[in-house]
Amino acid sequence: MTQDNTFEIFLTAPPGLEQALLAEAKELGFAAPKAVPGGVTVQGDWREVWRANLSVRGAARVLARIGEFRAFHLAQLDKRARKFPWGDVLRPDVPVKVEVATNKKSKIYHAGAAAQRVEKAIAETLGAPVTKDAALTIKLRIEDNLCVFSVDTSGEGLHKRGHKSAVGKAPMRENLAALFLRECGFDGTEPVVDPMCGSGTFVIEAAEIAKGLLPGRSRSFAFEQLATFDADAWAELKQQGEARETDVLFHGSDRNAGAVEMSTANAERAGVADCTRFIQAAVSDLQRPEGPPGLVIVNPPYGARIGNKKLLFALYGALGQVLKERFSGWRVGIVTSETALAKATSLPFLPLGAPVAHGGLKIRLFKTGPLP
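So, how was this worked out
Residues numbered from 1 in each chain as written. Predicted model: local features only at pLDDT ≥ 70, side-chain atom pairs only at ≥ 80, totals over all residues. Heavy atoms only, no water. Axes fitted to C-alpha atoms, helices over the stretch in contact; angles between N-to-C directions. Helix = DSSP H or I, 4+ residues; strand = E, 2+ residues; numbered from the N terminus. Parallel < 35°, antiparallel > 145°, perpendicular 65-115°, else oblique. Contact = heavy atoms within 4.5 Å. Nonpolar A, V, L, I, M, F, W, Y, C, P; charged D, E, K, R; others polar. Pairing = 2+ DSSP bridges. Buried < 20%, exposed > 50% of the residue type's maximum accessible area, 1.4 Å probe, protein only.

Draft legend 1. Geometry of the packing of helix α1 (residues 18-27) against helix α5 (residues 174-183). α5 packs onto α1 with a crossing angle of 85° between their chain directions and a minimal axis gap of 9 Å. The angle between the axes of α1 and α5 places the two elements in the roughly perpendicular class. When α1 is examined against α5, the residues A20, L21, A23, E24 and E27 are found in contact with a partner set consisting of L179, R182 and E183. Looking at the contact of α1 with α5 residue by residue, the classes come out as 4 nonpolar, no polar and 4 charged.

This is the structure we're talking about:
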């Protein structure tokens, strides 16, 4: 695989949000974007792999498909893995690990044994050390006896933007927040309010979108350890992000003083302190900001960690009441796993989208049009 070859690049997404990620991939101009279960495939070269990691807000990881072959038993897998051109992608001095996903549709269904064969092939033909804690991962998927190899080019999950050190309990992941903002029609040109802001994820993500800041600007990636990496071309690509000024403000509030402190510090590190405002306030004290209407988006507690649901019904009821009384013209997005809690707001929700797997729960986005 050379620098100018194009191949399949897989942007992973939480199941249920593939269409939102597809819309983003199209907007960013990736070639041949297509939604598939668990994400979106695009076509491109290594530079496009770097660009995807740097600029796609909704992806959880970026996998580069580096080759495939058929294998009907472990000896065949072993033999073909030894002929695979690992040196085109991997470096002999960088540790690697192998993860295998297989199923009963394939003759090779023991994932552990398959992983051992591939690890041994890499170690013995390329000389790269194989370690359990390697930052670089080769993923092998065996389906219908077809062995498809990918390299995880992200390393740490892409929701780790690299500038948020403080997070609260049950945080909303940044890539999820970006996709939910997109699902609510947010494009960076209107104010956003989060009345239970936690560590500030929705507010900071919205402010970054408004300012045109690249989500991967503050972190490093696994692809920097690959044989295909070109440090000069990467430096040039990173400079193409054009930050812009915005006169829109993004507001977060929380009744917990620690959350407000945390959000303020996170916004500072992310470079959006100038257009974000965080205050300590209960939901009942929430005030509509001056200026045009925008989006209220909130990820309230859903009782998975809080035992007493009765208190939550009162909280959702109070939130709905405040929004109906003070936020005429604003749209609302509420992320929760409990339909009954969402209904307790008495807000006029639009038809529901697909449930989204998140932290062992199925969560949904309940959204409205502009409130009367």
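Draft legend 2. Broad picture of the sheet that holds strand β2 (residues 31-36). Taking strand neighbours across the sheet as the criterion, the 7 strands line up as β2-β3-β1-β4-β7-β6-β5 in an open arrangement whose pairing is mixed. Each edge of the open sheet is held by one strand with a lone partner, namely β2 and β5 (96-102). If you compare each strand with its neighbour and ignore which way they point, the axes differ by 30° on average. Bridge count between β2 and strand β3 (residues 39-44): 4 bridges; the pairing is antiparallel. If you follow K34 over to β3, its bridge partner there is T41. Where helix α2 (residues 46-55) meets the sheet, it contacts β1 (7-12), β3, β4 (61-70) and β7 (146-152), and its direction lies at approximately 145° from that of β4. Packing against the sheet, helix α4 (residues 111-125) makes contact with β5, β6 (136-143) and β7, and its axis sits at approximately 145° to β5.

Draft legend 3. Spotlight on the environment of D254. For D254, the location among the structural elements is in strand β9 (residues 250-254). Accessibility expressed as a relative area gives 12% for D254, which makes it buried. C-alpha of D254 to C-alpha of T276: the two residues are 22 residues apart in sequence and 14 Å apart in space. In this view, D254 contacts P195, M196, C197, G198, A259, V260, I279, Q280 and A281; residues no more than four positions away in its chain are not counted.

Draft legend 4. Structural view of the environment of I204. Mapping I204 onto the fold places it in helix α6 (residues 201-211). Among the residues examined, I204 registers a relative accessible area of 5% and is labelled buried. A sequence separation of 130 residues divides I204 from I334, and the C-alpha atoms of the two residues are 17 Å apart. Leave out the neighbours within four places in its chain, and I204 touches S199, S263, N266, A267, A270, V272 and F278.

Draft legend 5. Main features of the sheet that holds strand β8 (residues 192-194). Read across the sheet, 7 strands follow the order β10-β9-β8-β11-β12-β14-β13 without closing on themselves; strand pairing throughout is mixed. Each edge of the open sheet is held by one strand with a lone partner, namely β10 (276-280) and β13 (356-358). Across this sheet, the average inter-strand angle for adjacent strands is 20°, counted without regard to direction. As paired elements, strand β11 (residues 295-298) and strand β12 (residues 331-336) share 4 bridges and run parallel to each other. The residue of β12 that forms the bridge with V298 is I334.

Draft legend 6. Quick peek at α5. Of all the 10 residues making up α5, 8 are buried; the element is thus mostly covered by neighbouring parts of the structure. Every buried residue of α5 is accounted for by E174, N175, L176, A177, A178, L179, F180 and L181. The inward-facing, buried residues of α5 abut α1, α6, β11, β12, β13 and β14 (361-367). At the exit of α5 stands G185, carrying a positive phi of roughly 85°.

Draft legend 7. Spatial organisation of α2. Of all the 10 residues making up α2, 9 are buried; the element is thus mostly covered by neighbouring parts of the structure. Turning to α2, its buried residues number three or more, namely W46, E48, V49, W50, R51, A52, N53, L54 and S55. Summarising the contacts, the buried residues of α2 are in contact with β1, α1, β3, β4, β7 and α7 (231-238).

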